[in-house]
Amino acid sequence: MTSVLYDAPGPKAKRRNLLFSVVFFVLLALLLWWVWMVLDDKGQLEWTLWKPFTTSDAWTTYLLPGLANTLKAAALAMVIALPLGAVLGIARLSDHRWVRVPAGAVVEFFRAIPVLLLMLFANEFFARSTDVSSADRPLYAVVTGLVLYNASVLAEVVRAGILALPKGQSEAAQAIGLRKSQTMSSILLPQAVTVMLPAIVSQLVVIVKDTALGGVMLGFTELLNSRGTLAANYANVIPSFIVVAVIFIVLNFILTSFASWLEGRLRRSKRSTGAVLGADDVDDINAGEVGGTHGASAEK
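Now for a look at the structure at hand.

Scoring rules and cut-offs
- Residues numbered from 1 in each chain as written.
- Predicted model: local features only at pLDDT ≥ 70, side-chain atom pairs only at ≥ 80, totals over all residues.
- Heavy atoms only, no water.
- Axes fitted to C-alpha atoms, helices over the stretch in contact; angles between N-to-C directions.
- Helix = DSSP H or I, 4+ residues; strand = E, 2+ residues; numbered from the N terminus.
- Parallel < 35°, antiparallel > 145°, perpendicular 65-115°, else oblique.
- Left-handed = near helix turned anticlockwise from the far one by under 90°.
- Contact = heavy atoms within 4.5 Å.
- Nonpolar A, V, L, I, M, F, W, Y, C, P; charged D, E, K, R; others polar.
- Phe/Tyr/Trp six-rings, centres within 6.5 Å; stacked < 30°, edge-to-face > 60°.
- Lys NZ or Arg CZ within 6 Å of the ring centre and 35° of its normal.
- 1 Å grid on protein atoms, 1.4 Å probe; cavity = no way out; pocket = protein on both sides within 12 Å on 5 of 7 lines; lining within 4 Å.
- Points joined across faces, edges and corners; volume = space filled by probe spheres on them.

With respect to the packing of helix α5 (residues 115-129) against helix α8 (residues 180-217)
At their nearest, the axes of α5 and α8 sit 10 Å apart, and the two run at 50 degrees to each other. Considering the angle they form, α5 stands oblique to α8. Between α5 and α8 lies a crossing of right-handed hand. Across the interface between the two elements, Val115, Leu116, Met119 and Leu120 of α5 pack against Asp210, Leu213, Gly214 and Met217 of α8. Tallied by class, residues from the contact of α5 with α8 come to six nonpolar, one polar and one charged.

Next up, the structure:
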């Protein structure tokens, strides 16, 4: 079986792919074994270094509060960046130049600046120009930087998702007399959501991970920053890095799994656009049409 992108592999290609897979897994196993041996030689696998993670004190005092701050900052950034990015993306498709040009300038400007630099600028702005307390300032700066950068990236995702739809959708809407705003809200956006969802989820994963930048540079007590305090108290730097990495992996896996489930549900819901009629319903409709035809003939 062939497709537009590639031909189905033949017997020789299948053997070659199998050989590459076996070699890859062997090399991966050797790499993991080497990492294990290095950690063991350095004493990083001793039970005394991992024991703190089996107690409630390490979690309730350090990891869980840090995780809560990570989720709080990421959730605030997501809630603000998603609608803002949608508005900017739609504005870039506007027929009015006075709307399209400023939106494009904003998107290109904030997309070109590193998110860490945006956080630092935001932190200085809140310190010099607002009354935000020093305790809340890191959270405000992290959320502001994440929103400005990711909203501009999501704006491009929204614009690309809408432009990826067939032009016939817009032309059909114009043919039945819909305004552009009605076409966008009722026809284009609902269809583009499914197309955009994988890219949107990828950006949401980036938001979760980028909260760690605030912990490194601004002292925001997120998960990675809390790990440093934990490692200083228990002298288990490498184990603490491994545990935090596993937490991030699980968190992002849950997010991507939910997005995959949601995308599949949206695709299934769009396969049918009307109610399913049974045989009895069809018979009733046919009987009504026959009756209506006879009635019309009798009136004539």
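Don't stop here, the text continues.
Describing the packing of aromatic side chains
Scanning all chains against the criterion turns up seven aromatic pairs. Through a chain of ring-to-ring contacts, the aromatic side chains of Phe125, Phe126 and Tyr140 assemble into a single cluster. Directly above the ring of Phe241 sits Arg227, whose terminal nitrogen or CZ lies 3.7 Å from the centroid.

Remarks on the layout of surface pockets
Here the largest pocket is characterised by a volume of approximately 320 Å³. For the largest pocket, the lining is made up of 14 residues, of which Ile162, Leu163, Ser170, Lys180 and Leu188 are closest to its centre. If you list the elements that add at least two residues to the lining of the largest pocket, you get α6 (137-163), α7 (167-175) and α8. Looking at the lining of the largest pocket residue by residue, the classes come out as seven nonpolar, three polar and four charged. Reported here for the second largest pocket is a volume of approximately 160 Å³.

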